[in-house]
Each structure stands twice: as structure tokens, then as C-alpha cells.
Amino acid sequence: MTPWILQALNGISMGALLFLLAAGFTLTFGLGRVVNLAHGAFYLLGGYLGLTVLRGTGSFWLALVAAGAGIVAVSWACDRFLIRRTRENVLGQVLLTVGIAYVLADVCLAFWGGSPLRVPPPEFARGPIDLPGGIVYPRYRFLLILFGALVAGVLWLLYSRTQLGALVRAGVDDREMVDALGINVDRLFALVFGLAAFLAGLSGVAGGAFLTLYPGADWDILAYALVVVIVGGLGSLGGAMIGSLIVGLVDAYGRWLLPEFSYFMVFGPMALLLLVRPTGLFGREA
Amino acid sequence: MVSLATLAIAIPALAAPWLLGTFWISLVTQMLILGLLALSVDLLTGHTGILPMGHAGFFAVAAYTTAILEVRHVQGFWVSAGGGVLVAVLLAVVFGLSVRTSGVYFILLTLALGHIVWGVAMRWTTFTGGENGVSNVPPPAVAAVRFADLSVYYYLVLVVVAACGLGYRRLVRSPFGLALRGIRESESRMRGLGYNVFAHKYAAFVISGGLAGVAGVLYAYWNRFVSPAAATFHASAEAVLMGILGGTGTILGPFIGAAIILGIRNWVSGYVVWWTSVMGLVFIATVLWAPHGLLGLVRELRRPAAPGSPPP
């Protein structure tokens, strides 16, 4: 029984991390029709930035905020000078953001080197935690689950209970209509894009504590995040929540039960789902 | 019948081993192989208007099949090469169902499907060797000829690529190719005209996958070693970029693009450590300033500037 629960916790904590990344990605696409394949690079760069801040100041919280803020700046620059010029051209956007990702990853390599670096978690999050049922689990990953749930809760409240959230939902549904109603959709999109970037940078620090930061981590995590948004449906926050849980759990159990086919376990059902429901669980027509 | 342009390409191509040293011949061979992969992708991006981001999967699957058949089962050229292409086609038959999706979903789905191939190559260590891959692929022996020497293998690659190129040319100039370009312009209009859009896209996808498989077979014999590196997202993305860089919708474009990318990788990397950034900047610059590639730029320059004049 215990290993099943342990793997479930592994899966949920991974899902929490994936949610942080996927939520931003899915809303960025839902509202702005922007496919940002540099999102993984944002994660990695954010993690490295946070690590440097952590080494300099000793504060994990400051590292989280700095990572988020740093990536917001980087993503703003990318959008303002580059991504904005590929309006409606999905092919161009995909290649452009891949190019950005290559450059950012190279910058990371230049500044932080090629060895895997681990972000040391804060004092209170180190060591094991005793859970009911005699289960001993890494404290950090457990807290990550709580953190992920907290962020999910806050985002959900903003999304479904505030006027701002209503505007975003309306924009995801029908951008032109919202625009015609006099709402500045560009500013709305900038907000969402900024939030996505903040979460990406933040998740780099969070992930760096147990997955470590290394060249290639950007694409590794992006692959999983993409499965989450594909399964959940592009543009759907609820889809991102459910998708990240599903992907996290399938990945954990897959690695444990069938390690040689763990990748296939995650991506295979996703492909099947898409054949049946081309827009994912909660998505809508592109 | 034979145009000046064809001669301009054919003569240097045939004389290359005498003109260039081993390093350059190896590079040119690689350019032909990757150019063929890029060509297969361009059938979909340039002619059908869909963007597959996982074609390295077909490339790798064929390469692995050929390598494994040669190394572990000592099957010889025809079985190994034929097996490689066959497996790639079968995979394309399965993955081709992805054309049911469109737009961004298709891009992300093919990306993930390509990633599956990479993941299986990495993790199914008992079969694929994992990161160690399959090594010591013997040089191909076609009939009585052993293509042991790289310069000689170059000719085999040249012949195969030329044959594929001519076949491709036939295909894109046929009514089928015309239908694909119609689909690229407007799927709904084609549907309204009575075309089975799904069947066309699916057929194009399978053909494209098979062609990528041919490139994979050639790669296995050239590299003598197949590893998961052949199936990475980078490989797929580069295949797409090569076509766009050189000129979408053309036949030479993908090869020109391949030459440029390989040039950057092999030449620039000799000078600067940050050549990945250079690659990224090339992506960015292409998208912003040369969205139809170099041949597209050439086309633009040749076109008279006066408005209302007919396109060349």
C-alpha cells in the first residue's frame, strides 16, 4: 500500500510543478493565441536567476520573487520586440520562440555552466515529514503540493470570481467581441502573459530544488507541460489543473511500474485522447 | 530538356569527391541526407500548410531499424534499408491520424509524438541501447559493391536523393500536389469543392514520413551509429527550419537550408562557443525578415517593383 501512496505523492507534487508552468502557457494561448515554446527556457532561466539571488541573499522567498520578476522582464522584452511581430502566423511564432529558447539556453550555459545545480530549499522545508499512516515523505515535495494547491486556488478565484477574470474568460472565448466592447485586449493579454512569465520563473526555482537545473531541463519540462495543456485543452485553466494531476500521476506510476516505457505511458494516452477529442478535455476549437 | 541550372548543380555534384577533401565530402553527404529530411517536412509545411514538429521520429525509427537489422541480424542492405523505410511508413500510418487535428493542436501533437519516439529510444534500453545507441553499423553492400569509402558512399546518397528529388518533383507538380496547395490556402474551400481534405493530408503525411525514413536509412549508414540524438526535438525543429530558411515550397530550398544550418554548426562552432545562440538568432532572423526563405527573397528581388505587374 505504502509505495502506491508514495508514488501518488510523487505524482501530485510533480503535477503541482507542472501546473505552475502549464497554467501560464494555456492562458497565454487561450487569450492571445500565442504559442510560446520558450516557456521552458523561461523556467530554466528563472531557476538559475533565483539560485543566484538565493546564493547572494540567503532568502528563498526573495529568490522566488526575483526569479518571477526577472522572467517577467525577459518575457516582456521578447513580446515587445519579437513575438508581437508574428501576429496570427503560428508557424513563425513557433520557430521564433524556439529561436529565443535556444538563445536563452545558451546564455544560461554561459553564465551557470553545464553541471546540474540544485536550488537548496529553505530550512523549514528540508528533511522528511511524517504523514498519517506511517508514511515518511520529503518535506519539500509535500510543501510543493500545498503551494501548488494554493496557487491553483488563488488563480481559480481570480479567474472565476473577479471581473478581471471574467474579462480574461471572455477574451479566451471571443477576443474580437471583447475588443469591440471597448476593453483593451492588448493590455489584458500583457497582464496574462506577464503572470505566465512570473509563474514560469517561480516554478524554475521550485523545480530546481528537486529536479535540479541543467542544460536541457528547459525542453524536458516543456514536453511535460505541453502534454498537460494538450490533454487539458488549450485556454482552459481547469483543464490545466486536471491535466497536470493526470500527467504527474501517470508519470510517477509509469516510471515505477514500467520504467522502460514511462515516456510512452505519458504521451501515448495523450495521443489517443487527441484522436478522440482533438481539442483536449476542456479545450475549444483553435 | 536539361536546363542550365540542372547542369550547374549536377556537374559539381558528380565531381565533388575529386574536388573536395574527406571532411567536406562528409559534410556534403550530411547535407544531402538532412536536406532530404527537410524536404519531407516541406511537403507538409510548404505545400499542405501544416507544421509537423516531430519528423525526426520517422528519421530515427528508420535509422534504428536499419542499424539493428544490420548489426544484430546481419540482414544485408536491401532488407535493412527496406525494413527501415517500411517501419517509418508504418509509424507514419499511425501518427498520420494526427492530421485530424489542426492549427496549434497539430503542432503540439506532432511535437509530443516525436518526443515519444525519443523517449522510447532513450528508455527502452534493452532494445535500443538507450543512450549508448546502436553502433558499428557496417557500410552498405549493394549487389557486389561495398560502399566502404566515404567518397563512394557519397555517390549512393547522391543517387538516392536525386531519385527522391525527381519523384518529389513529379508529386508536387501533379494534381495531388495542386490539391495540397489548395488545402494550404483554404481547407474549407477545398472541402466545398468536394475534395476529401483529410485523405489528402493523411496521404501527404504518410509520404512525408516515408521520405523522412529514407533519409534515416541513409543516415544510419553514414553515421555508422544511431542514438536517441537522431530523434530529439532539436532535430525536428532543425528539419523545419532548413526548409523555411532555404525556401518553402521549393525543392532546392530544403537543401540550401541544410547547407546553411550545417555550415553554422560545423564552421561557426569552430570559432565561438555560443554557436547555439547563433542558431537561435538565425531562427529569429529568418522568421522576421525572410519568412519565405532565401529562395523566397530571391524571388522577391527578381519581381519587378511596379504594382499591378504579373508575378514571374
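Use the structure listed above.
Residues numbered from 1 in each chain as written. Chains lettered and ligands numbered in written order. Predicted model: local features only at pLDDT ≥ 70, side-chain atom pairs only at ≥ 80, totals over all residues.

The next thing to look at is the overall build of chain B. Secondary structure assignment for chain B yields 14 helices and four strands. Its C-alpha radius of gyration of 19 Å places chain B within 12% of the 20 Å reference for a compact globule of 312 residues. Residue burial in chain B is summarised as follows: out of 312 residues, 49% are buried. Long-range pairs, those at least 24 residues apart, make up 74% of the contacts in chain B with a sequence separation of at least 6. (Helix = DSSP H or I, 4+ residues; strand = E, 2+ residues; numbered from the N terminus. Rg over C-alpha atoms; globule rule 2.2 N^0.38 Å. Buried ≥ 20, exposed ≤ 12 C-beta atoms within 10 Å, placed from the backbone. Contact = placed C-beta atoms within 7 Å.)

The helix and strand tally for chain A stands at 11 helices and two strands. From first element to last, N terminus to C terminus, chain A shows the α and β order α-α-α-α-β-β-α-α-α-α-α-α-α. Computed over C-alpha atoms, the radius of gyration of chain A comes to 18 Å, within 12% of the 19 Å expected from 2.2 N^0.38 for 286 residues, which places it in the range of a compact globule. Oriented by its inertia axes, the alpha-carbon framework of chain A measures out at about 60 × 45 × 35 Å. Counting across all 286 residues of chain A, residues that qualify as buried make up 52%. Sequence separation of at least 24 residues holds for 74% of the intrachain contacts in chain A that already meet a minimum separation of 6.

Moving on, we come to the interface of chain A and chain B. On the chain B side, the residues contacting the 40 residues of chain A number 39 residues. Those elements that provide at least two residues to the side of chain A that touches chain B are α4 (90-112), α9 (217-232) and α11 (262-276) of chain A. If one sorts the elements of the side of chain A that touches chain B by residue count, α4 of chain A sits on top with 14 residues. Of the residues contributing to the side of chain A that touches chain B, the split by class is 31 nonpolar, six polar and three charged. (Nonpolar A, V, L, I, M, F, W, Y, C, P; charged D, E, K, R; others polar.)

Another aspect to go through is the pairing of strand β1 (residues 128-131) of chain A. Residues and elements named next belong to chain A. Across four bridges, the pairing between β1 and strand β2 (residues 135-138) is antiparallel. Note on β2: the bridge partner recorded for Ile-129 is Tyr-137. Hairpin connection from β1 to β2: three residues lie between these consecutive antiparallel strands, with Gly-133 at a positive phi of about 95°. (Pairing = 2+ DSSP bridges.)

So, on to unusual backbone geometry. One non-glycine residue, Thr-212 of chain A, lies in positive phi territory at about 65°. Looking at where Thr-212 of chain A falls in the secondary structure, it is placed in the loop between α8 (185-208) and α9. Unusually for a residue other than glycine, Arg-224 of chain B sits at a positive phi of about 60°. Tracing the backbone shows Arg-224 of chain B in the loop between α10 (197-223) and β4 (225-226). With 16 C-beta atoms packed within 10 Å, Arg-224 of chain B lands in the partly exposed category.

Residues and elements named next belong to chain A. For the pair helix α2 (residues 39-57) and α8, interaxial distance at closest approach is 7 Å and the crossing angle is 60°. Relative to α8, the element α2 lies oblique. With respect to the hand of their crossing, α2 and α8 are arranged in right-handed fashion. Packed against α2, whose contacting residues are His-39, Phe-42, Tyr-43, Leu-44, Leu-45, Gly-46, Gly-47, Leu-49, Gly-50 and Leu-51, the element α8 presents Ala-197, Ala-200, Gly-201, Leu-202, Ser-203, Gly-204, Val-205, Gly-207 and Gly-208 at the interface. (Axes fitted to C-alpha atoms, helices over the stretch in contact; angles between N-to-C directions. Parallel < 35°, antiparallel > 145°, perpendicular 65-115°, else oblique. Left-handed = near helix turned anticlockwise from the far one by under 90°.)

Before going further, it helps to spend a moment on α10 of chain B. All names here are of chain B. Here α10 contains 27 residues, and its C-alpha end-to-end distance of 38 Å stays within 8% of the 39 Å for a straight helix at 1.5 Å per residue. Counting buried positions over the 27 residues of α10 gives 21, a clear majority of the element. Following α10 by one or two positions, Arg-224 has its phi on the positive side, about 60°. (Expected span 1.5 Å × (residues − 1).)

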